[in-house]
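# Analysis of the macromolecular model
Letter by letter, the chains look like this.
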Amino acid sequence: MTTGVEARQMRPLRYSINVTLDGCCDHQAIPADEELHRFHTESLAQADALLFGRVVYEMMEEAWRLPAPAGSRPEWTEPFARTIDAAKKYVVSSTLERVDWNAELVRGDLGPAVEQLKREPGKGLFVSGVQLPLALAKLDLIDEYEFVVQPRIAGHGPTLLAGLSEYVDLKLVSRQEFASGAVAMRYEPRR
């Protein structure tokens, strides 16, 4: 683990995810609108690189890689598409042989690999998804948790951080409400 001095010198790793009131983080259960896309575009732009597991990488590449067929998505999603398309990506996978889309594979022991990425200069790393953030939370490598809570009850999973074996106590550092009734809350671990 890192000391307090080392942690301040490292670029932060932010976990950001949309979640329903009952904890569901299935992207198909989350409503999309222009205001939330604008928020997520700004959030992504605060990071130097994105850290994805295989599932999220493949899902994001399929949805957002440019160029997109004309009329395949609303015009207001294009700033998000441009931001994620241009971003540097690291993909944690033991099954993929290669990646492209401005990405490189992360192999080996997850903890040291992510600690090395955090030590590189820059303003921050961004992670989303379900399995990879769970592993990172267990390793105490997440510096910020950003939950965008949707005013919806899904009644099914997957659920947020299911399988976490120890509590992670957090302190609220910011909160933003949206016209849809969604609320973005950013937390930092109490260490």
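Before reading further, recall that the structure is shown in the block above.
In short, a report on the structure.

Parameters at a glance
- Residues numbered from 1 in each chain as written.
- Predicted model: local features only at pLDDT ≥ 70, side-chain atom pairs only at ≥ 80, totals over all residues.
- Heavy atoms only, no water.
- Buried < 20%, exposed > 50% of the residue type's maximum accessible area, 1.4 Å probe, protein only.
- Helix = DSSP H or I, 4+ residues; strand = E, 2+ residues; numbered from the N terminus.
- Pairing = 2+ DSSP bridges.
- Salt bridge = Lys/Arg side-chain N within 4 Å of Asp/Glu carboxyl O.
- Axes fitted to C-alpha atoms, helices over the stretch in contact; angles between N-to-C directions.
- Contact = heavy atoms within 4.5 Å.

Attention shifts here to the pairing of strand β1 (residues 13-20). With respect to burial, β1 is a largely interior element, eight of its eight residues being buried. Here β1 shows no split at all, with L13, Y15, I17 and V19 on one side and R14, S16, N18 and T20 on the other all buried. Relative to strand β6 (residues 144-150), β1 runs parallel, the two being bridged by seven bridges. Bridged to Y15 within β6 is Y145.

This paragraph deals with the pattern of salt bridges. All chains considered together, the criterion is met by 14 salt bridges. We note a salt bridge from K118 to D143, for which the minimum N-O separation is 2.8 Å. Here the residue K118 occupies a position in helix α5 (residues 110-119), and D143 occupies one in the loop between α6 (131-138) and β6, the gap between them amounting to 25 residues. Residue classification places D143 among the buried positions, given a relative accessible area of 16%. A salt bridge links R191 to D143; its shortest N-O distance comes to 3.2 Å. One end of the pair, R191, is in the segment after β8 (183-189); the other, D143, is in the loop between α6 and β6, and 48 residues separate them in sequence. Look at the salt bridges and you will find they share partners, linking K118, D140, D143 and R191 into a network.

In space, the eight strands of this open sheet follow the order β4-β3-β2-β5-β1-β6-β8-β7, with mixed pairing throughout. The open sheet has two edge strands with one neighbour each: β4 (103-106) and β7 (170-177). Sheet twist, expressed as the mean angle between neighbouring strand axes with direction ignored, is 25 degrees. The strands touched by α6 within the sheet are β1, β2 (49-53), β3 (88-92), β5 (125-127) and β6, with β2 carrying the most contacts at an inclination of about 105 degrees.

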